[in-house]
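# Residue-level structure breakdown
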Amino acid sequence: MSRHVFHPTVLREYDARGIVGETLGEADALALGRAFGTVMARSGRRRSALGYDGRLSSPALEAAVAQGLASAGIDVVRIGLGPTPMLYFALYHLGLDAGVMVTGSHNPPAYNGFKMVLAGEAFFGPRIRALGPLAAAGAFVVGSGAISESLVEDAYVARLAEEARDGPEFRVGWDAGNGAAGRVLTRLAAQLPGHHRLLNEEIDGTFPAHHPDPTVPENLAQLAELVRREGLDLGIALDGDGDRIGALDGEGAVLWADQLLILLARDLLVDRPGARIIADVKASQALFDAVAVAGGQPEMWKTGHALIKSRMTETGAPLAGEMSGHIFFADRWYGFDDGLYAALRLMKALARAGLSLADFRRALPVWINTPELRFPCPEARKFEVTEEVAQRLATAGADVDATDGVRVATKDGWWLLRASNTQDALVARCEAHAKAGEAGLDRLKAALAAALRASGVEPPRT
């Protein structure tokens, strides 16, 4: 079997990803299928789902992955075009061993890549990186798997619609961002109670309306205008492959994932008192405090959807989320992140609380924070910097949570510094209590800046 060398930037922490025509092509997709199929075969797994998103390059890459998997003796079940959560759903619905999704997620049109699942668990970290040496050695299992089709979209839409049965009659704006969830959203919205207005539901891999990332406020401008113009109750935005959610209230104000998790956690804890609720280290302290007040067990965990999902499995937590908009339900759902399902649960939580989303937002505790601050740092240096900062803080007796980098609590609030798992960058955030005000936020930013400069890194401007 021929050997293959991936571009050094392709095999990442949570997925494989590159720029089509530059660092990623059909030969890479073929080799990835062979390598992942080899891992499957050696672990005794023989059947894999395969799906793809709406990017222009996705059909050709999907065909190459199918060929690669089959050449390793894997039976491939092609589920066609749709969102990443539909691929996850297919594993449960069809009883398959693994899955590969061809998707560039929320990245620009020129990007594409692959998300993998094996035996019900995210395939990430060292397991992804190990595909590189395997392919370079040409150490592929050789076989002849069958390739078939099973279009699960009908079953997936029906399963989502089950959650919406007897649901609230809200007036909702939806922005699919021309992403892979557009067709599913169109079918689902036709079955939902209430009034629903759709934007950019046509799947178009050039993303003509705006970039498909709902965590960037500029990408929500079109949806905010619709919500205000038509007097809707709320707006929901999805990313390019439909696994992340963005939300606006009826006044067009953005609610971030940690704010949504407060509402979702309160609702879930009514039925499951004492449950563990997991959020990543970038989430507001307001979330962890709210979970505790509602009788839950808040847990701060590492950033990264694969890491969060794995922690949920380990602990049996029924709800988790991270600031990037991934929200995971293992309560009446399967434990994976799904923007559409999270939206349905959000509307039910609002109805049970008797609140509008705007009322909920106005009642939230006031914290003053920076956005996520991301700035370049060489790959070989980024983890060293966080370790140096951690050591100095330990010597100084600071109140530090080292779950993922360093999250430092002070009388003003907290600041965070961690190494990005996906880029040559450091990530930071600061959040001050309302009583500390802007002056408190300035003190937190100054403490972060001092910690960075002590390691020879110039802090970001805020």
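For the structure itself, consult the block above.
Residues numbered from 1 in each chain as written. Predicted model: local features only at pLDDT ≥ 70, side-chain atom pairs only at ≥ 80, totals over all residues. Heavy atoms only, no water.

Before going further, it helps to examine the overall build of the protein chain. Helix and strand counts for the protein chain stand at 15 helices and 22 strands. At 22 Å, the protein chain has a C-alpha radius of gyration in line with the 23 Å of a compact globule built from 462 residues. Taken along its principal axes, the extent of the C-alpha atoms in the protein chain is 65 × 55 × 40 Å. Long-range pairs, those at least 24 residues apart, make up 69% of the contacts in the protein chain with a sequence separation of at least 6. Accessible surface for the protein chain amounts to roughly 17500 Å². Of this, 51% is attributable to carbon and sulfur atoms. Positive and negative charge centroids in the protein chain, built from 48 and 57 side chains respectively, lie 3 Å apart. (Helix = DSSP H or I, 4+ residues; strand = E, 2+ residues; numbered from the N terminus. Rg over C-alpha atoms; globule rule 2.2 N^0.38 Å. Contact = heavy atoms within 4.5 Å. Areas by Shrake-Rupley, 256 points an atom, 1.4 Å probe, with all protein chains shown as cover. Lys, Arg positive; Asp, Glu negative; His and termini not counted. Charge placed at Lys NZ, Arg CZ, Asp CG, Glu CD.)

Across soluble globular proteins, nonpolar side chains have a tendency to be buried as a group. One finds L160, W174, I236, L319, I327 and L340 to be the most contacted residues of the largest nonpolar core, which totals 74 residues. The element contributing the most residues to this core is helix α12 (residues 339-353), with 9 residues. Listed in part, the 49 residues of the second largest apolar core include L11, A31, A66 and A317. (Core = buried A, V, L, I, M, F, W, Y, C linked by side-chain atoms within 4.5 Å. Buried < 20%, exposed > 50% of the residue type's maximum accessible area, 1.4 Å probe, protein only.)

Here we take up the side chain of D338. Take D338: it is sitting in the loop between β16 (327-329) and α12. Although D338 lies buried, it forms no salt bridge, and the closest oppositely charged side chain, R159, sits 9.4 Å away as judged by the N-O distance. Within the structure, the side chain of D338 is placed 3.0 Å from the backbone nitrogen of L340, a separation counted as a polar contact. The contacts of D338, once residues within four sequence positions are left out, are P85, Y156, L160, G242, D243, I327 and W333. (Salt bridge = Lys/Arg side-chain N within 4 Å of Asp/Glu carboxyl O. Polar contact = N/O pair within 3.5 Å; in protein donor to acceptor, adjacent residues only side chain to side chain.)

Strand order in the open sheet made by the 4 strands is β14-β13-β15-β16, with mixed pairing throughout. At either margin of the open sheet sits one strand with a lone partner, and together these are β14 (297-301) and β16. Neighbouring strand axes in the sheet, compared pairwise and without regard to direction, differ in orientation by 15° on average. Contacting β13 (276-280) and β14, helix α10 (residues 285-293) crosses the sheet at an angle of about 155° to β14. (Pairing = 2+ DSSP bridges. Axes fitted to C-alpha atoms, helices over the stretch in contact; angles between N-to-C directions.)

Here we come to the packing of aromatic side chains. Using the criterion set out here, one finds 11 aromatic pairs in the structure. Here W333 and Y334 contribute two aromatic rings whose centre-to-centre distance is 4.9 Å and whose plane-to-plane angle is 65°, an arrangement assigned as edge-to-face. Under the relative-accessibility criterion, Y334 is labelled partly exposed at 25%. Between the aromatic rings of W333 and Y341, the centroid separation amounts to 4.2 Å while the plane-to-plane angle is 10°, which identifies the pairing as stacked. (Phe/Tyr/Trp six-rings, centres within 6.5 Å; stacked < 30°, edge-to-face > 60°.)

Moving on, we get to the packing of helix α6 (residues 153-164) against helix α7 (residues 182-189). Between two packed helices, what matters for the description is the angle formed by their axes and the separation of those axes. Where α6 contacts α7, the axes come no closer than 10 Å and their chain directions differ by 50°. Classified by the angle their axes make, α6 and α7 are oblique. Here the hand of the crossing between α6 and α7 comes out right-handed. On α7, the residues touching E153, D154, Y156, V157, L160 and A161 of α6 are R183, V184, R187 and L188. Classifying every residue of the contact of α6 with α7 gives 6 nonpolar, no polar and 4 charged. (Parallel < 35°, antiparallel > 145°, perpendicular 65-115°, else oblique. Left-handed = near helix turned anticlockwise from the far one by under 90°. Nonpolar A, V, L, I, M, F, W, Y, C, P; charged D, E, K, R; others polar.)

In this section: helix α3 (residues 84-94). Among the 11 residues of α3, 8 are classified as buried, and the element is accordingly described as predominantly covered. Positive backbone phi, at 65°, marks G95, one or two positions downstream of α3.

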